[in-house]
Amino acid sequence: MNPDDYCQQKAARSGSSFYYAFLFLPPERRKAITALYAFCREVDDIVDETSEPSVARMKLAWWRTQVEQMFQGSPDHPVAIALARYIEPFGLRPDPLYAVIEGMEMDLDQFRYPDWAALRKYCWHVAGVVGELSAAIFGHTDPRTLVYAETLGLAFQMTNIIRDVGDDARRGRIYLPADEMERFGVTVDDILDARHSERFEALMAFQTQRARDLYRDAMRALPDADRRAQRPGLMMAAIYHALLGEIERDRWHVLDQRIALTPIRKFWLAWKIWVTGGHGLIGRLAGP
């Protein structure tokens, strides 16, 4: 199996919404973004699948050396080999890749977040910076597009946090700001014991509005000149925003179940954006 095939299988097995957006890209950009996604999956899986933190830290340190070797032309891992091929064509830099690894290291040290500022910093490391890398691969002519991509990455991560409250709690992690939990009268034990309540719904409605605000800000930041090139990000926005709507309609019953869209619906949403260019989506998410 060559490195590109390895990355393709890694992306396909994940079942992520991102995979559906990649399908519509030209081959070179599709291989590049798939390699980037596979890199993110590799380092994320270390934290999720390694029970001993010291072992996880060593593995993440090894990936730091892989990033260094990517930019020196001598990586070992199939994902690093694949991604290294696209450094020059798409102007990729090492610092954002190191930032992703730093975000995974945060998961080893921090299981609670005192406020939105702290949580936003985490979201930037694991998603905002990935948005910037993705925008470079998709292609852009206006630096404002990187603001759009970073903000959209934060919106995606907030959607993930809302969807995964129960799954994360079962791993002992709570990605909801502690000061906001206190404001709405939701305790750590409420989350860990999966106690759904009106207070929990109010807290999650507040988080959902934060996510919607991030989608709005992202759409408003996207320059017209780069809309066509950034269609893959808009596809993901359509899918993630639809997921957010499903969660809200289900009254945020996320403590004991995982709400998801069907593969056919994800593909349909992605295809519509590819055909229409996403103008309707941008107008709807950007608001008046």
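Scroll up to find the structure this text is about.
Definitions and limits used
- Residues numbered from 1 in each chain as written.
- Predicted model: local features only at pLDDT ≥ 70, side-chain atom pairs only at ≥ 80, totals over all residues.
- Heavy atoms only, no water.
- Patch = residues over 30% accessible without salt bridge, like charges linked within 9 Å, V, L, I, M, F, W, Y side chains within 5 Å.
- Areas by Shrake-Rupley, 256 points an atom, 1.4 Å probe, with all protein chains shown as cover.
- Salt bridge = Lys/Arg side-chain N within 4 Å of Asp/Glu carboxyl O.
- Helix = DSSP H or I, 4+ residues; strand = E, 2+ residues; numbered from the N terminus.
- Contact = heavy atoms within 4.5 Å.
- Phe/Tyr/Trp six-rings, centres within 6.5 Å; stacked < 30°, edge-to-face > 60°.
- Buried < 20%, exposed > 50% of the residue type's maximum accessible area, 1.4 Å probe, protein only.
- Core = buried A, V, L, I, M, F, W, Y, C linked by side-chain atoms within 4.5 Å.
- Polar contact = N/O pair within 3.5 Å; in protein donor to acceptor, adjacent residues only side chain to side chain.

Caption draft 1: Just a nonpolar patch on the surface, in detail. A surface patch of nonpolar side chains, about 610 Å² in accessible area, is lined by Leu 23, Ile 264, Phe 267, Trp 268, Trp 271 and Val 275. With respect to the element layout, Leu 23 can be found in the loop between helix 2 (18-22) and helix 3 (27-49).

Caption draft 2: Molecular detail of the side chain of Thr 159. Looking at where Thr 159 falls in the secondary structure, it is placed in helix 9 (residues 144-163). Once you skip the residues sitting within four places of it in the chain, Thr 159 turns out to touch Ala 211, Tyr 215, Tyr 240, Leu 243 and Leu 244.

Caption draft 3: Molecular detail of the packing of aromatic side chains. For the coordinates displayed, the defined rule picks out 13 aromatic pairs. Judged by centre distance (6.1 Å) and plane angle (70°), the rings of Phe 22 and Tyr 37 are edge-to-face. Here Tyr 37 lies in helix 3 and Phe 22 lies in helix 2, a separation of 15 residues in the sequence. Taking the relative accessible area as the measure of exposure, Phe 22 reaches 4% and is therefore buried.

Caption draft 4: Geometry of the environment of Asp 179. One can find Asp 179 in helix 11 (residues 178-184). Between the C-alpha atoms of Asp 179 and Ala 136, which are 43 residues apart in sequence, the distance is 36 Å. Not counting chain neighbours up to four residues away, the residues in contact with Asp 179 comprise Pro 114 and Asp 115.

Caption draft 5: The nonpolar core, seen in detail. Among the nonpolar cores identified, the biggest contains 103 residues, and Phe 39, Ile 191 and Met 219 are the most heavily contacted of them. For this core, the element with the highest residue contribution is helix 8 (residues 116-138), accounting for 12 residues. Leaving out residues up to four positions away in the same chain, Ile 191 has contacts with Val 165, Ala 169, Ile 174, Leu 176, Met 181, Val 186, Phe 200 and Leu 255.

Caption draft 6: Examining the environment of Ala 229 more closely. Examined against the element boundaries, Ala 229 turns out to sit in the loop between helix 13 (198-221) and helix 14 (231-249). Among residues more than four places away in sequence, those in contact with Ala 229 are Phe 138 and Gly 139.

Caption draft 7: Quick peek at the pattern of salt bridges. In total, this model carries 23 salt bridges according to the counting rule given. In this structure, Asp 109 and Arg 57 form a salt bridge, with 2.2 Å as the shortest nitrogen-oxygen distance. Placement of Asp 109 in helix 7 (residues 94-109) and of Arg 57 in helix 4 (residues 53-72) is noted, with a sequence separation of 52 residues between them. The partner of Arg 251 in a salt bridge is Glu 201, with the nearest N and O atoms 3.0 Å apart.

Caption draft 8: Representation of the side chain of Thr 50. Looking at where Thr 50 falls in the secondary structure, it is placed in the loop between helix 3 and helix 4. A polar contact of 2.8 Å, which involves the side chain of Thr 50, links it to the backbone oxygen of Ile 46. Look past the residues within four positions of Thr 50 in its chain and what remains in contact with it is Asp 45, Val 55, Ala 56 and Lys 59.

The analysis is restricted to geometry; functional conclusions fall outside its scope.
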